[in-house]
Amino acid sequence: MKRRSGEALLLQTIDLHERDRIVVFLSRDWGLKRGAARSARARFSRFGGELQQLAKVHLSWFEKDGRDLVRLGDAEMIRSPGALHADLEGILVSSYLAEHMQVFAQEDEPENHLYRLLDTTVQALLAGCDRSLAARYLECWTLRLSGVFPAPRQCPSCGNALGDEAMLAVDGEGLLCPSCGAGAGANRRIGEPALAFLRRIGGAGLARLQENGGVDESTLKSVEAIAREVRRAFLGKELRSYGVMQRTLRDVAP
Ligand SMILES: [Zn+2]
């Protein structure tokens, strides 16, 4: 049995039996993990209120060879996700960000880039960053870090530089120059603002994008649609939390 400890971001908690919980977390140094938190549902649990989605905690856990499920030792809060869970939209966005990590992060491998991406995104949200901007930033960067959606600088088909216009490939596998796009039957034109956003996120952090006046809504909608298609093509399915978020926000809209 190995004892490990370190920083982690909590992604999901699932009730197990009457007293326990399963906690899915992204550890900074060992990637994605699933752990059993014994008696976490008991009234005076040692975990207290620490096991919340997107909480940043210092965790200790025990691993046994050949077992996927680890056993949680202690959890100590480093940063509470508090304000993010104060309203319905915040809860839905939290689940959406967390599911990206559950789907894209690997188990037992250091995931420093994904960890830092989620960590800085949550930090920016708690500091008041626009939620839609934060979600677009994280979804595009998750795809980029997974090697499926590079910054749009070059047409992957002919190799020519991409200018102010591109086409989304029919199969969702990236952005083509207008002539390759037309030749391949693409019919979704991507304009300059969305391309500029996808190029800017490479250099500017989320906080800087927000400080510089944010990004207008129509650009964010366009980026969301591109990321959705690319992600779907790569995963072969949609993220569960994305559908839930879309339906719920539509139903509660005034
Ligand atoms: Zn081309």
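About the cut-offs
- Residues numbered from 1 in each chain as written.
- Predicted model: local features only at pLDDT ≥ 70, side-chain atom pairs only at ≥ 80, totals over all residues.
- Core = buried A, V, L, I, M, F, W, Y, C linked by C-beta atoms within 7 Å.
- Buried ≥ 20, exposed ≤ 12 C-beta atoms within 10 Å, placed from the backbone.
- Domains from an automatic or database assignment.
- Contact = placed C-beta atoms within 7 Å.
- Pairing = 2+ DSSP bridges.
- Helix = DSSP H or I, 4+ residues; strand = E, 2+ residues; numbered from the N terminus.
- Axes fitted to C-alpha atoms, helices over the stretch in contact; angles between N-to-C directions.
- Nonpolar A, V, L, I, M, F, W, Y, C, P; charged D, E, K, R; others polar.

As a further point, take the nonpolar core. Formed by 71 residues in total, the largest nonpolar core has its most connected members in Leu-9, Leu-10, Leu-26, Leu-118, Ala-134 and Tyr-137. Both domains that furnish three or more residues to this core are identified here as domain 1 (1–80) and domain 2 (82–254). Apart from residues lying up to four places away in sequence, Leu-10 is in contact with Val-23, Phe-25, Leu-51, Gln-52, Gln-53, Leu-54, Ala-55 and Val-57.

A sheet is described by the order of its strands in space; here three strands give the open sequence β7-β6-β8, paired in antiparallel fashion. Among the strands making up the open sheet, the edge pair consists of β7 (175–176) and β8 (188–190). In this sheet, β7 lies alongside strand β6 (residues 166–168) in antiparallel orientation, the contact comprising two bridges. Within β7, the position partnered with Met-167 by the bridge is Leu-176.

A separate point is the sheet that holds strand β1 (residues 2–16). With respect to topology, five strands assemble into a closed barrel ordered β1-β2-β3-β5-β4, the strand pairing being mixed. Looking at each pair of strands side by side, their axes are set apart by 50° on average, direction ignored. In terms of strand pairing, strand β2 (residues 20–27) meets strand β3 (residues 31–37) through seven bridges, oriented antiparallel. Residue Ile-22 lies in a different strand from β3, and its bridge partner there is Ala-36. Helix α1 (residues 88–104) rests against β1, β2 and β3 of the sheet, and its axis sits at about 120° to β1.

Here β2 folds back onto β3 in antiparallel fashion, the turn holding three residues. Bridge count for β3 against strand β5 (residues 69–79) is three bridges, and the pairing is parallel. In the strand pairing of β5, Ala-36 is matched with Arg-71.

This brings us to the domain arrangement of the protein chain. Domain boundaries assigned for the protein chain yield domain 1 (1–80) and domain 2 (82–254). One C-alpha centre belongs to domain 1, the other to domain 2, and the line joining them spans 28 Å. Of all the secondary structure elements, the ones that give two or more residues to the side of domain 1 that touches domain 2 are β1, β2 and β3. Along the lines of polarity and charge, the residues of the side of domain 1 that touches domain 2 split into seven nonpolar, five polar and four charged.

For Leu-54, which is not glycine, the phi dihedral falls at a positive 70°. Overall, Leu-54 belongs to the buried group, with 27 C-beta atoms counted inside 10 Å.

Now for the environment of Met-101. If you trace the backbone, Met-101 turns up in helix α1. The spatial distance from the C-alpha of Met-101 to the C-alpha of Ser-45 is 27 Å, given a sequence separation of 56 residues. Other than its neighbours up to four places away in sequence, Met-101 contacts Leu-11, Leu-26, Leu-114 and Leu-118.

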